[in-house]
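# Architecture and fold: a report
Residue-level listing of the chains:
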Amino acid sequence: MTSKRILDFLATERPEGPCLVVDLDIVRRNYQRLTKAFPATGIYYAVKANPAPQILKLLASLGCSFDTASVPEIEMALAAGATPDRISYGNTIKKERDIARAHTLGVSLFAVDCTEEVEKIARQAPGARVFCRVLTDGKGAEWPLSRKFGCDTEMAITVLEQAHGLGLDACGLSFHVGSQQCDLKAWDTAVGDARKVFAALGEKNINLSLLNLGGGFPARYLKDVPSTLAYAEAIQNALTRHFGNRLPATIIEPGRGMVGNAGVIKTEVVLIARKSDDDKTRWVYLDIGKFGGLAETMDEAIRYPIRTPRDGTATAPCVIAGPTCDSADVLYEKTPYPLPLSLEIGDALLIEATGAYTSTYASVAFNGFAPLPTYIVGREGNAARAA
Ligand SMILES: *Cc1c(COP(=O)(O)O)cnc(C)c1O
């Protein structure tokens, strides 16, 4: 699954230490696949998944919009060439002065999920468009987003009514069905809930026009995932089923689905050991772990494909751990990972489909380990190191 361009880069440049290499051509293909599958839907790339300037620049040049969570992310999208009307401030938790700053920068689309946040926006971004995020149960997602964001549908009605009353443009609703969502039915429930809020507010003469369908589109790790077209079809069916022929404008916010499969982490085996003479399970320690960018192995939620130079030979289960002195820095233990018996200290491994949620999750220098560097390859990339 690692692209030839990435393999060539690693073979010729031989970067020292763990690193992430992203192939921009794969990002381009992902974007084109999404626009083809969702021709009438606005595509807002979730910047947090991977904010490398070259990725943002490529997507901006292709016409993509951006879902941001902070003023620095807004500034990164602007620096990449996006105009403010193509930027959504999608975090429901914002300091009032950051709302003011976003407003000054020209951003006029904001997420909310409570009346307290609506008041801040009414004060600092008068007349802005706001959409209310509603809770979903996250069932079926490998990386569920729990109850931190969103409110229930009853409260969404109150929140948007209040926004309307304060002179904001109460434009719609959003939800996120959970990241790496492989259950196509997840959107149906959420769209059905949204329809109820549209109807209730319609009766109060507040006519919502936007439905933000969030992220959740998967990267392929070890198991097959449904195609982008299958997602588009399931979502279209849900929209028609609940909204009939009065379809709202829609946007999606892919993060993982845009960049996950475009990146590969190169790592090195530092140590292979056992805990006792009769221990069947080898412990394989890598030079990257949870604090170096593989935070999504928390609870072993995301199980990455790992390639070794000895693939095709006999394997046995291993515990895989990172290099730091924190005992939480273990990647896979509950479900050990099969690796070749012939694996040796010093072998270079490829951890595939690591383009999303890795470089930004690397700690600054826990135990002295440097943050994960990103290299960008591809026609526009020219093997440049991301700033
Ligand atoms: C993280 C996030 C996304 C991206 O989610 P993926 O599952 O990676 O596609 C989209 N929207 C919001 C509001 C987010 O916080």
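Look up: the structure comes first, before these words.
Residues numbered from 1 in each chain as written. Predicted model: local features only at pLDDT ≥ 70, side-chain atom pairs only at ≥ 80, totals over all residues. Heavy atoms only, no water.

### Observations concerning the overall build of the protein chain
In terms of helices and strands, the protein chain carries 10 helices and 19 strands. In terms of overall dimensions, the protein chain is globule-like: its C-alpha atoms have a radius of gyration of 22 Å, near the 21 Å expected for 387 residues. Structurally, the protein chain occupies a C-alpha span of about 70 × 40 × 40 Å along its principal axes. Expressed as a percentage of its 387 residues, the buried residues of the protein chain come to 54%. Taking the intrachain contacts of the protein chain between residues at least 6 apart in sequence as the baseline, contacts between residues at least 24 apart amount to 70%. Approximately 16,900 Å² of the protein chain is accessible, and the part contributed by carbon and sulfur atoms is 52%. Here the protein chain carries 42 positive and 44 negative side-chain charges, and the mean point of each set is 3 Å from the other. (Helix = DSSP H or I, 4+ residues; strand = E, 2+ residues; numbered from the N terminus. Rg over C-alpha atoms; globule rule 2.2 N^0.38 Å. Buried < 20%, exposed > 50% of the residue type's maximum accessible area, 1.4 Å probe, protein only. Contact = heavy atoms within 4.5 Å. Areas by Shrake-Rupley, 256 points an atom, 1.4 Å probe, with all protein chains shown as cover. Lys, Arg positive; Asp, Glu negative; His and termini not counted. Charge placed at Lys NZ, Arg CZ, Asp CG, Glu CD.)

### A word on the side chain of Gln-180
Here Gln-180 lies in strand β9 (residues 179-181). Classification of Gln-180 by relative accessible area gives buried; the value is 2%. Within the local environment of Gln-180, its side chain forms a polar contact with the backbone oxygen of Ala-219, the two atoms lying 2.9 Å apart. Not counting residues up to four positions away in its chain, the partners in contact with Gln-180 are Gly-140, Ala-141, Glu-142, Gly-216, Pro-218, Ala-219, Tyr-221, Val-225, Arg-256 and Ile-302. (Polar contact = N/O pair within 3.5 Å; in protein donor to acceptor, adjacent residues only side chain to side chain.)

### Structural notes on the site of the ligand
Among the 13 residues in the neighbourhood of the ligand, the closest are listed as Lys-48, Ser-179, Glu-253, Arg-256 and Tyr-357. Ser-179 places a polar side-chain atom, nitrogen or oxygen, 2.5 Å from an oxygen atom of the ligand. Contact between the ligand and Gly-216: an oxygen atom at 2.9 Å from a main-chain N or O atom of the residue. Protein burial of the ligand: of its 390 Å² of free accessible surface, 92% is covered by the chains. (Near = heavy atom within 4 Å.)

### Section: the nonpolar core
Tyr-45, Ile-55, Phe-110, Leu-173, Leu-211 and Met-258 are the most contacted members of the largest nonpolar core, which has 102 residues in total. Broken down by element, the residue count for this core peaks at 8 residues, all from helix α8 (residues 186-203). A domain-level breakdown of this core finds at least three residues from each of domain 1 (24-259) and domain 2 (261-385). Each residue touching Ile-55, except ones within four places of it in the same chain, is listed here: Val-22, Leu-24, Val-27, Tyr-45, Asn-50, Val-259 and Ile-376. In this structure, Phe-9, Val-21, Leu-350 and Val-377 belong to the second largest nonpolar core, which totals 9 residues. (Core = buried A, V, L, I, M, F, W, Y, C linked by side-chain atoms within 4.5 Å. Domains from an automatic or database assignment.)

### A look at the packing of α8 against helix α9 (residues 228-243)
Between two packed helices, what matters for the description is the angle formed by their axes and the separation of those axes. Viewed as axis vectors pointing N to C, α8 and α9 meet at an angle of 30°, and their least axial separation amounts to 9 Å. What the angle tells us is that α8 and α9 run roughly parallel. As for the relative orientation of α8 and α9, their crossing is right-handed in sense. Contacts between α8 and α9 pair Trp-187, Asp-188, Val-191, Gly-192, Ala-194, Arg-195 and Phe-198 from the former with Tyr-231, Ile-235, Ala-238, Leu-239, Arg-241, His-242 and Phe-243 from the latter. Each residue belonging to the contact of α8 with α9 can be placed in one class, and the counts come to 9 nonpolar, 2 polar and 3 charged. (Axes fitted to C-alpha atoms, helices over the stretch in contact; angles between N-to-C directions. Parallel < 35°, antiparallel > 145°, perpendicular 65-115°, else oblique. Left-handed = near helix turned anticlockwise from the far one by under 90°. Nonpolar A, V, L, I, M, F, W, Y, C, P; charged D, E, K, R; others polar.)

### Here we look at the environment of Leu-24
Along the chain, Leu-24 falls in helix α2 (residues 24-37). Judged by its relative accessible area of 1%, Leu-24 is buried. Here the alpha-carbon distance between Leu-24 and Val-377, two residues 353 residues apart in the chain, equals 6.1 Å.

Everything listed is a geometric property; what it means functionally is a separate question.
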